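# Report on the structure
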Amino acid sequence: MLLERSGCEPLPDLPGHELFDSGCPLLDTVRGRLVEGELHLAFLWPTGGAADSPQHVRVSYLASTEPPRSRRLGVVLLSPVRVDHGLTHRELEVLGLLVDGCSNQQIAEGLLVTPRTVATHVEHILVKLASPTRTHAAVLAHREGLYVPASGSRAV
């Protein structure tokens with residue numbers, strides 16, 4: 001999908017995807033997460049499945065090489081998730097909030113759970129990613145696009 005300032009258009013000869021239909025928040029999330037000058041962005045997005053265990057697709061954004069004032073921002077691509085380190089959907093949501101710099105208390109309030117539940121999720125994330133700290137896990141998740149952003153969460 002070609003992402004433009006005011007909308008989007010399909011790439012020639014490629015099938016569309018229901019995530020790009022009007023009313024789906026995916027493209028708004030991509031726009032909202034872009035930082036001026038960002039050349040690449042990747043994260044996971046739920047696509048269906050059971051409410052407690054949805055399937056995910058990897059969303060990748062590649063910036064346009066056109067001048068900054070151009071109407072075209074870049075390209076949004078969807079691809080299968082190859083490696084998820086065994087993280088559950090909830091752990092991917094918590095990881096997304098860690099990437100955003102949220103504390104356990106903020107995560108608990110956003111997900112409507114207790115801070116102790118969040119701490120347990122963080123412990124599981126650290127083990128599954130073999131990360132010594134939450135900061136390391138957040139950096140790894142951001143670098144690999146291994147998180148669900150808050151707007152892609154069904155609970156937030």
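Read on for a plain summary of the structure. (Residues numbered from 1 in each chain as written. Predicted model: local features only at pLDDT ≥ 70, side-chain atom pairs only at ≥ 80, totals over all residues. Heavy atoms only, no water.)

### What to know about the layout of surface pockets
Its boundaries defined by the atoms lining it, the second largest pocket holds a volume of some 200 Å³. Taken together, Met-1, Pro-10, Leu-11, Leu-14, Pro-15, Gly-16, His-17, Phe-20, Val-76, Leu-77 and Leu-78 make up the full set of residues lining the second largest pocket. Of the residues belonging to the lining of the second largest pocket, the class tally is 9 nonpolar, 2 polar and no charged. (1 Å grid on protein atoms, 1.4 Å probe; cavity = no way out; pocket = protein on both sides within 12 Å on 5 of 7 lines; lining within 4 Å. Points joined across faces, edges and corners; volume = space filled by probe spheres on them. Nonpolar A, V, L, I, M, F, W, Y, C, P; charged D, E, K, R; others polar.)

### As for the nonpolar core
Ranked by internal contacts, the top residues of the largest apolar core, which has 36 residues, are Leu-26, Val-30, Phe-43, Val-59, Val-76, Leu-95 and Leu-129. Elements with a contribution of two residues or more to this core: helix H1 (26-33), strand E3 (40-50), strand E4 (53-63), strand E5 (72-80), helix H2 (89-99), helix H3 (104-111), helix H4 (115-129) and helix H5 (134-144). Per-element accounting of this core gives the leading share, 5 residues, to H2. Excluding its chain neighbours within four sequence positions, the residues that come into contact with Val-59 are Leu-26, Val-30, Leu-41, Ala-42, Phe-43, Trp-45, Val-76, Leu-77 and Leu-78. (Core = buried A, V, L, I, M, F, W, Y, C linked by side-chain atoms within 4.5 Å. Buried < 20%, exposed > 50% of the residue type's maximum accessible area, 1.4 Å probe, protein only. Helix = DSSP H or I, 4+ residues; strand = E, 2+ residues; numbered from the N terminus. Contact = heavy atoms within 4.5 Å.)

### With respect to the environment of Ala-150
Mapping Ala-150 onto the fold places it in the segment after H5. Take Ala-150: its relative accessible area is 21%, and that puts it in the partly exposed class. Distance in space between the C-alpha atoms of Ala-150 and Gly-96 is 6.4 Å, their sequence separation being 54 residues.

### Observations concerning H3
For H3, the complete set of buried residues consists of Ile-107, Ala-108 and Leu-111. Along the long axis of H3, the arc covered by the buried residues comes to 100°, so they all point the same way. Summarising the contacts, the buried residues of H3 are in contact with H2, H4 and H5. (Arc of directions from axis to C-beta.)

### Here we look at the pattern of salt bridges
Inspection of every chain in the model, using the stated rule, returns 7 salt bridges. Glu-9 is the salt-bridge partner of Arg-72, the closest N and O atoms lying 4.0 Å from each other. With a gap of 63 residues between them, Arg-72 in strand E5 and Glu-9 in strand E2 (residues 7-9) connect regions that are remote in the sequence. Judged by its relative accessible area of 22%, Arg-72 is partly exposed. As a salt-bridge pair, Glu-123 and Arg-116 come within 3.4 Å of each other at their nearest N and O atoms. Linked through salt bridges whose partners overlap, the residues forming this network are Glu-4, Glu-9, Arg-71 and Arg-72. (Salt bridge = Lys/Arg side-chain N within 4 Å of Asp/Glu carboxyl O.)

### Remarks on the side chain of Glu-4
Structurally, Glu-4 can be placed in strand E1 (residues 2-4). For Glu-4, the side chain forms a polar contact with the side chain of Arg-71, separated by 2.6 Å. Beyond its immediate chain neighbours, meaning those up to four positions away, Glu-4 contacts Glu-9, Arg-31, Arg-71, Arg-72 and Leu-73. (Polar contact = N/O pair within 3.5 Å; in protein donor to acceptor, adjacent residues only side chain to side chain.)

That's the geometry; what it means functionally is another story.
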